[in-house]
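Now for the letters of each chain:
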Amino acid sequence: MPGGHAWHSDEWTAQDAVRVLRVPTADDHKYSRGVVALRTGSLAYPGAAVLSTEGAWRAGVGMVRWDGPEDVAGLVLQRRPETVLGAGRADAWVIGSGVDARGRGEDETRLLRGILRDRPLPVVVDAGALDLAAEATGPLIVTPHGGELREVRIPLGFGIDDVEEDPLAPRLSGPFRERVLVVRETAVALGGVVLLKGAATIVATPGGWWTVVRSGTPWLASAGTGDVLAGAAGALLAGAAAAARVAGRELDVEELGPIAATAAWLHGTAGRIASGRGHPIAAIDVAEALPAAFAAALAA
């Protein structure tokens, strides 16, 4: 497998992604292909629910459930009428996209904690749930950008939350090797996979494996694209968890590293496809290009 535990120059490529992607067979059905449940979006950011759901559907999963505010549900169904509303049978969860951690109410916090603590399912933790990631009891992938990584690290004992200047910023703006070190040390402390979004997306596991994904385009620096990535990562995670379930086992957290890297590769490639020869894109364009990115991996 590309990537590794020592310092290396490998990048995650289409040839690597195709080893992770699951293609359905004549024996598959919607449950064997995986069910991903999403607790995403809010009244303040309803679009995140739509975008994460769209990203999940277009990344090749058997079923998508969405659970959230009733006032947002109509938007989700209008865009993706095949989506099942409410919590239920699932192989993996996606939480936090479109949620404001600072404005999160007690009820929402309780629900998010319940997903992390009470259900031993693999979880993709994004945005407004990153500060709760350390409470997870099952395998997880966290998907922060550079400005959000502190939300993962502070509960782990890295830094403090009441200083004006972020002590992590100089490390993340420094040499690439230092950014890799930050991600790797966070993954070890968390006991989960860290996917640090950026032009060079770094993925690391708690066992020390890491890789970098450079398949994207600067046009991806646009609101909502991270919601699409979270949904796509959840879809791939649910598919892998369903396959493990059929085989009578559970996913090991180390297996989530290549899954996260593949989600980042698909997302980046979808951004390049959507932007064509170099033109502006919106997050929904990226989601709509995910099937073409999937096909590009299969053709590699």
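The paragraphs below set out a description of the structure included in this document. Not measured: the values here are computed from a predicted model.

## Quick notes on the environment of Arg-79
- Note that Arg-79 resides in helix α3 (residues 70-79).
- Given the relative accessible area of 33%, Arg-79 is considered partly exposed.
- Between the alpha carbons of Arg-79 and Glu-54 there is a distance of 7.9 Å; along the sequence they are 25 residues apart.
- Other than its neighbours up to four places away in sequence, Arg-79 contacts Val-50, Glu-54, Arg-58, Ile-284 and Glu-288.

## Regarding the pairing of strand β4 (residues 92-95)
- Going residue by residue along β4, you find Ala-92 and Val-94 tucked away on one face and Trp-93 and Ile-95 tucked away on the opposite face as well.
- Note that strand β1 (residues 35-39) and β4 share four bridges and pair parallel. The residue of β4 that forms the bridge with Val-36 is Ala-92.
- The parallel pair β4 and strand β5 (residues 123-125), bridged by helix α4 (residues 106-118), forms a crossover whose chirality is right-handed.

## Details of helix α9 (residues 256-275)
- A rise of 1.5 Å per residue sets the reference length of α9, with its 20 residues, at 28 Å; its end C-alpha atoms lie 29 Å apart and thus fit the reference within 8%.
- A large share of α9 lies buried, amounting to 18 of its 20 residues.
- In the stretch just after α9, Gly-276 is the one whose phi turns positive, near 55°.

Cut-off values and rules
- Numbers given to residues run from 1 along each chain, matching the order in which its sequence is written.
- Predicted model: local features are reported for residues with pLDDT of at least 70 only, side-chain atom pairs are reported and counted for 80 or more only, and whole-chain, interface and lining totals are derived from all residues.
- Heavy atoms throughout the structure, all of them, feed into the side-chain values; hydrogens and water do not.
- Runs of H or I in DSSP of at least four residues are treated as helices and runs of E of at least two as strands, each being numbered from the N terminus.
- Exposure is judged per residue with a 1.4 Å probe applied to protein chains only, and the accessible area is read against the type maximum: over 50% gives exposed, under 20% gives buried, and values in between give partly exposed.
- Note on definitions: a residue-residue contact is assigned when non-hydrogen atoms from the two residues lie within 4.5 Å.
- When DSSP finds two or more bridges between a pair of strands, those strands are recorded as paired.
- We call a crossover right-handed when, viewed with both strands directed away from the observer, the connection leading from the first strand over the helix to the second proceeds clockwise.
- By definition here, a helix of n residues has an expected span of 1.5 Å times n minus one.

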